[in-house]
Amino acid sequence: MSDAAQGDERIKEISGFRKSLIRPELGGIVGAIAVFTFFILFAHDSGMFNSQGVLNWSIVSAQFMIIAVGACLLMIAGEFDLSVGSMIGFAGMMIAIFSVTLGWPVWMAILVTFVLCVAIGALNGYIVVRTGLPSFIVTLAFLFILRGFTIFLPQTVERKTIIGGIRDVAEGDWLAPIFGGKIGGPIFQWMGEAGLIAVFERGNRAGEPVVDGIPMLIIWALALVAFGHFLLTRTRFGNWIFAAGGDAQAARYVGVPVNRVKILMFMFTAFCATVFATCQVMEFGSAGADRGLLKEFEAIIAVVIGGALLTGGYGSVIGAALGALIFGVVQQGLFFAGVESSLFRVFLGVILLMAVILNTYIRRMITGER
Amino acid sequence: MKLFTKHLMGAVLGAAVAVTGFATSVQAEGEKYILVSHAPDSDSWWNTIKNGIALAGEQMDVDVEYRNPPTGDLADMARIIEQAAASGPNGIITTLADFDVLSGPIRNAVDQGINVIIMNSGTPEQAREVGALMFVGQPEYDAGLAAGIRAKGDGISSFVCVNHVISNTVVAERCRGFADGLGVDLGSQMIDSGQDPSEIKNRVMAYLTANPDTDAVLTLGPTSADPTILALQEMGLAGDIYFGTFDLGTEIVKGIKEGIIQWGIDQQPFLQAYLPVVILANYDRYGVLPGNNINSGPGFVTKDALSKVEEFAGEYR
């Protein structure tokens, strides 16, 4: 391969160091190492790295990852979705209304909700490509529309804004455990018995491990990251995503179906939000009208920390996943380190700013602009 | 660049930890208690709670921390309780705002050997169910009952309850308790006033016009109390009719001062934060524990006690 490359005068020589520097994941990798180093130094004895602690920040990171994958691909395709947070609330509420209020079987409630939400995602995308309006404005409208319905519908049918009892109706359902279940129980049971992880000290579960399995939420996050990464880097469709976000007009000239790509990415973002909502509803057994507030920004922040450019055409799913990991570890880690919780936003802002500055620096290196 | 980023991040995080370390935690005998609330950052009512645990931490010589979900998302709150349990404190003080979401994480914390006290939201029954030591808050029915008994002593035999949150069954308990305290049947004495100030005002006026022999007015919070004050002033009944209300607010305090309102019922959030820390610390040190749930309210605020309320409003009241 190197022979062919060296023989081809059209390909510019780039040093290996420079090559590794312009990878979009770079910021994420450096950040992840820095964050873990920091917390190992300052919070190693606070329970952050015992089994419950690791599970705690893993779940929070996995939550961010699920929505970050969708937001990342959409951002690379050159668009935003600000309705992610409202979509989470809306999807959860629809599952609750279908299964608890209307009494549908839970698998049907979940499937219908997925179809409904992905259709709303498609509508988002369709409006954006047909009107040519900035997706920022169109999805901002849906942020309010979906949140409004999420408050209005349960109030109308149940006269309250939290619908509970989903865990009871999900009992024995075949689809619910795929979102709310846990796997690897026997392994954790064994680790608990062997004294490797903490066990309950009292109550009717005394002796059982505190962490009794890996929640499906984490499996979903890893699967979505793997799928997104494969789609983006190993398929023709992935190239289309980059092309649509880089220069849509140029992409159209070479025959990329830009509109279709963008609409599909809006649908995928909605899909990710619905996965998030379903996992949450199945785990906690209730849907609330205030679920998912501000999650759209958290998704975008994770993606940007992970090295994607807000202008589109550049980014990486692995980077976004690392961004989500950094985000989750910092958020929970600050609690472990005993930092006043209202300062969390200060850190968030600082990290976001540093990530964006690093990204801009990298982009200048790539494009050579000054 | 790599090195630079690392250093910068470390420096910034380190600096903030140093700064806040002084501000929030009181180094002590090592006991650590974490209070987890359901309130978003923007909810100012919880300032009293923060000040309450800080004072208790100082006096008892223990570490106290306050945690809340920044947006008020209860699913995030569940994660914070799990996090708090994983960090291995001596005790957790938390609200039980949604039993479905929070009972699992709280139960897990209890089973890990962490003492839990439920404060503010929830019921004594729910607190027992999740394995908490006790409930510290204002039982709404009992608060209404105490108010009713007090009003009966003042010679009241009929009343109108202005309910602005008719769908909230817990708040309606206040009216039921008040009626039982008076020893009368609630019947149609509770009106659904809605949330709109002018609607509330007009409904109160309509009721009092139709039932001129009504002895007393009971409102369930600032939302219904403020327009009711206006209604009474307009009808010339202000100061003449017996008027009691739940919770405090600027207009309510003014009304008490002017003699329009006889008393306001304060659920005393300070005690909801302060007492659990004191109780948990003494339980950990000496194994002593009060034998029952603690009612932080009702605390009756009358004209005589107003100076303290005004002095500490927003801080400890």
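In this text the structure is predicted, and so the values were computed from the model without any measurement. (Residues numbered from 1 in each chain as written. Chains lettered and ligands numbered in written order. Predicted model: local features only at pLDDT ≥ 70, side-chain atom pairs only at ≥ 80, totals over all residues.)

Summing up its helical and strand segments, chain A has 17 helices and four strands in all. The C-alpha extent of chain A, read off along each of the three principal axes, is 70 × 50 × 40 Å. For chain A, contacts bridging at least 24 residues in sequence account for 79% of all contacts bridging at least 6. (Helix = DSSP H or I, 4+ residues; strand = E, 2+ residues; numbered from the N terminus. Contact = placed C-beta atoms within 7 Å.)

Moving on to the overall build of chain B. The helix and strand tally for chain B stands at 12 helices and 12 strands. In chain B, buried positions account for 49% of the 317 residues. (Buried ≥ 20, exposed ≤ 12 C-beta atoms within 10 Å, placed from the backbone.)

Before going further, it helps to examine the pairing of strand β4 (residues 115-119) of chain B. Residues and elements named next belong to chain B. In terms of burial, β4 is largely enclosed, as five of its five residues are buried. In this fold, the crossover linking strand β3 (residues 91-94) to β4 by way of helix α4 (residues 99-111) has right-handed handedness. Judged from the three bridges that link them, β4 and strand β5 (residues 134-137) form a sheet pairing that is parallel. Counted as the bridge partner of Ile-118 is Phe-135 from β5. Handedness of the β-α-β unit built from β4, helix α5 (residues 124-129) and β5 comes out right-handed. (Right-handed = clockwise from strand over helix to strand, strands pointing away. Pairing = 2+ DSSP bridges.)

Moving on, we get to the sheet that holds strand β6 (residues 159-163) of chain B. Residue and element names in this part refer to chain B. What the six strands build is an open sheet, ordered β7-β6-β8-β9-β10-β12; its pairing is mixed. Strands with a single pairing partner mark the edges of an open sheet, and in this sheet they are β7 (190-192) and β12 (299-301). Recorded for the sheet is a direction-independent mean angle of 20° between the axes of neighbouring strands. Sheet topology note: the β6/β7 ladder contains three bridges and is parallel. Paired with Cys-161 across the strands is Met-190, a residue of β7. Each of β8 (216-219), β9 (242-246), β10 (263-266) and β12 is contacted by helix α6 (residues 140-153), which is oriented at about 165° to β9, the strand it contacts most. (Axes fitted to C-alpha atoms, helices over the stretch in contact; angles between N-to-C directions.)

Let's shift gears to the environment of Gln249(A). Following the sequence through the fold, Gln249(A) ends up in helix α13 (residues 248-253). Residues Gln249(A) and Ala170(A), 79 residues apart in the sequence, show an inter-C-alpha distance of 48 Å.

Taken together, the contacts link 45 residues of chain B with 49 residues of chain A. Looking at the side of chain B that touches chain A, the elements with two or more residues in it are α1 (2-24), β2 (63-67), α3 (74-86) and α4 of chain B. Take the side of chain B that touches chain A: its biggest share by element is 13 residues, from α1(B). In terms of residue class, the side of chain B that touches chain A is built from 18 nonpolar, 16 polar and 11 charged. (Nonpolar A, V, L, I, M, F, W, Y, C, P; charged D, E, K, R; others polar.)

On to the pairing of β5(B), then. Residue and element names in this part refer to chain B. Residues Met-134 and Val-136 point to one face of β5 and Phe-135 and Gly-137 to the other, with burial holding for every one of them. Where β5 lies against strand β11 (residues 294-295), two bridges are found, and the strand directions are parallel. Counterpart to Val-136 in the pairing with β11 is Ile-294.

Looking now at the domain arrangement of chain B. All names here are of chain B. Along its sequence, chain B is carved into domain 1 (25-138 + 268-297) and domain 2 (140-266). One C-alpha centre belongs to domain 1, the other to domain 2; they are set 32 Å apart. Between domain 1 and domain 2, the residue contacts involve four residues of the former and five residues of the latter. Looking at the side of domain 1 that touches domain 2, its residues break down into no nonpolar, four polar and no charged. (Domains from an automatic or database assignment.)

On to the sheet that holds β2(B), then. Residues and elements named next belong to chain B. As summarised here, the arrangement of the six strands in space is β2-β1-β3-β4-β5-β11, forming an open sheet in which the pairing is parallel. Across the chains shown, the open sheet's two edge strands, defined by having one partner strand only, are β2 and β11. Pairing analysis gives four bridges linking β3 to β4, with the strands arranged parallel. For Ile-92, the partnering residue across the bridge sits in β4 and is Val-116. Strand contacts of helix α11 (residues 269-286): β1 (32-36), β2, β3, β4, β5 and β11, with the helix running at about 160° to β4, the strand carrying the most contacts.

Residues and elements named next belong to chain B. If you check helix α8 (residues 197-210), its first and last C-alpha atoms are 20 Å apart, about what 14 residues at 1.5 Å a residue would give, namely 20 Å. For α8, the complete set of buried residues consists of Ile-200, Lys-201, Arg-203 and Val-204. Summarising the axial view, the buried residues of α8 lie within an arc of 165°, below the 170-degree limit, and thus occupy one face. Opposite the buried face of α8, at more than 90 degrees from it, the exposed residues are Ser-198, Ala-206, Thr-209 and Ala-210. Buried residues in α8 make contact with β6, β7 and α9 (222-235). (Expected span 1.5 Å × (residues − 1). Arc of directions from axis to C-beta.)

Once that is clear, we can look at the packing of α8(B) against α9(B). Residue and element names in this part refer to chain B. Between α8 and α9, whose axes approach to 8 Å, the crossing angle comes to 50°. It follows that α8 is oblique to α9 by the angle criterion. Like other packed secondary-structure pairs, α8 and α9 cross with a definite hand, here right-handed. Counting all contacts with α8, which are made through Pro-197, Ile-200, Lys-201, Val-204, Met-205 and Leu-208, the residues of α9 involved are Ser-224, Asp-226, Pro-227, Thr-228, Leu-230, Ala-231, Glu-234 and Met-235. (Parallel < 35°, antiparallel > 145°, perpendicular 65-115°, else oblique. Left-handed = near helix turned anticlockwise from the far one by under 90°.)

By secondary structure assignment, the location of Arg128(B) is in helix α5. C-alpha of Arg128(B) to C-alpha of Glu58(B): the two residues are 70 residues apart in sequence and 29 Å apart in space.

As a further point, take the environment of Ala119(A). Relative to the helices and strands, Ala119(A) resides in helix α6 (residues 106-131). Each C-alpha atom of the pair Ala119(A) and Gly27(A) lies 34 Å from the other, and the pair is 92 residues apart in sequence.

Residue and element names in this part refer to chain B. Overall, the predicted model of chain B reaches an average pLDDT of 85, with 90% of residues at or above 70. The least confident element of chain B, judged by mean pLDDT, is α1 at 45; the most confident is β3 at 96. Here residues 1-6 is modelled with pLDDT under 50, and outside its nearest four sequence neighbours on either side it reaches eight contacts, counting other chains as well. A low-confidence stretch, residues 13-28 (pLDDT under 50), is modelled with 24 contacts involving residues beyond four sequence positions or located in other chains. Our summary of model confidence lists the complex with pTM equal to 0.78 and ipTM equal to 0.76. (pLDDT = per-residue confidence, 0-100.)

Before going further, it helps to examine the packing of helix α4 (residues 51-76) of chain A against helix α14 (residues 258-284) of chain A. All names here are of chain A. The N-to-C vectors of α4 and α14 enclose an angle of 175°; their axes lie 8 Å apart at closest approach. With respect to α14, the axis of α4 lies roughly antiparallel. Across the interface between the two elements, Gln-63, Ile-66, Ile-67, Val-69, Gly-70, Ala-71, Leu-73 and Leu-74 of α4 pack against Met-265, Phe-266, Phe-268, Thr-269, Phe-271, Cys-272, Ala-273, Val-275 and Phe-276 of α14.

Residue and element names in this part refer to chain B. End to end, α6 covers 20 Å across 14 residues, agreeing with the expected 20 Å (1.5 Å per residue, within 8%). Along α6, the positions that sit buried rather than exposed are Glu-140, Ala-143, Gly-144, Leu-145, Ala-147, Gly-148 and Ala-151. After α6 finishes, the residue Gly-155 shows a positive phi value of roughly 85°.

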